[in-house]
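# A structural walkthrough
These are the residues of each chain, in order.
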Amino acid sequence: MDSYKLPGAYKLFFGTLANDSRLKIVNLLRHGSKNVTEICHATGFEQSMVSHNLKMLEYHGMVFVAKKGKFRQYSLNEKTIKPLVELIDAHMKQYCCKILEGKR
């Protein structure tokens, strides 16, 4: 990728994850694939909001969708997003959580 395009790509990537609803969905999908109804029940979000956010996550390659019977099953991108979220967890535990606790 050309270096002049990187700032825009970073903005797209981190902007997608900066939304609280999408972040909650990403964290839910870390534990296995789910359909929209399951995501709604687990998050308390309305179906239209879940569907909208899943479209955004899918568009940016963060989740994948597969048809299972009459349902669309959503799963986290295991190759890139899941390891990245685990790395972010480690960073947050070491730094951000301590800041929130007033220990840093």
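Notes on the structure in this doc start here. (Residues numbered from 1 in each chain as written. Predicted model: local features only at pLDDT ≥ 70, side-chain atom pairs only at ≥ 80, totals over all residues. Heavy atoms only, no water.)

### Side note on the nonpolar core
I25, V26, L29, I39, V50 and L54 are the most contacted members of the largest nonpolar core, which totals 18 residues. Among the elements of the structure, helix 2 (20-29), helix 3 (36-43), helix 4 (47-59), strand 3 (71-76) and helix 5 (81-100) are those that each provide at least two residues to this core. Considering each element in turn, this core owes the most residues, four residues, to helix 2. (Core = buried A, V, L, I, M, F, W, Y, C linked by side-chain atoms within 4.5 Å. Buried < 20%, exposed > 50% of the residue type's maximum accessible area, 1.4 Å probe, protein only. Helix = DSSP H or I, 4+ residues; strand = E, 2+ residues; numbered from the N terminus.)

### Quick word on helix 3
For helix 3, the full list of buried residues reads V36, I39, C40 and T43. Along the long axis of helix 3, the arc covered by the buried residues comes to 100 degrees, so they all point the same way. On its buried face, helix 3 sits against helix 2, strand 1 (34-35), helix 4 and strand 3. The distance from a side-chain oxygen at the start of helix 3 to the backbone nitrogen of T37 is 3.0 Å, and the residue carrying that oxygen is N35. (Arc of directions from axis to C-beta. Contact = heavy atoms within 4.5 Å. Polar contact = N/O pair within 3.5 Å; in protein donor to acceptor, adjacent residues only side chain to side chain.)

### Considerations on the environment of N53
Mapped onto the fold, N53 is located in helix 4. With relative accessibility at 3%, the residue N53 sits in the buried group. C-alpha separation for the pair N53 and R104, spaced 51 residues apart in sequence, amounts to 34 Å.

### A closer look at the sheet that holds strand 2 (residues 63-68)
Neighbouring strands of a sheet are bound in pairs by backbone hydrogen bonds; such pairs are parallel or else antiparallel. Taken in spatial order, the three strands make up an open sheet running 1-3-2, and their pairing is antiparallel. The open sheet has two free edges, formed respectively by strand 1 and strand 2, since each of these has just one partner strand. With two bridges connecting them, strand 1 and strand 3 associate as antiparallel partners. Within the sheet, the bridge partner assigned to N35 lies in strand 3 and is Q73. (Pairing = 2+ DSSP bridges.)

### A closer look at the packing of aromatic side chains
Following the criterion strictly, the structure yields two aromatic pairs and no others. Seen from their ring centres, Y10 and F14 are 6.1 Å apart, and the 0 degrees between their planes marks the pair as stacked. Linking Y10 with F14, this pair stays in helix 1 (residues 6-17), spanning four residues, or about one helical turn. Owing to a relative accessible area of 46%, F14 belongs among the partly exposed residues under this scheme. Look at F13 and F14: their rings are 5.1 Å apart centre to centre, the planes differ by 85 degrees, and that puts the pair in the edge-to-face class. F13 sits in the partly exposed class, given a relative accessible area of 24%. Here the aromatic residues Y10, F13 and F14 are joined through ring pairs into a cluster of three or more. (Phe/Tyr/Trp six-rings, centres within 6.5 Å; stacked < 30°, edge-to-face > 60°.)

### Brief notes about the pattern of salt bridges
Scanning the entire structure with this criterion turns up four salt bridges. A salt bridge links R30 to D89, with the shortest nitrogen-to-oxygen separation between them at 2.4 Å. Separated by 59 residues along the polypeptide, R30 in the loop between helix 2 and strand 1 and D89 in helix 5 bring together distant segments of the chain. (Salt bridge = Lys/Arg side-chain N within 4 Å of Asp/Glu carboxyl O.)

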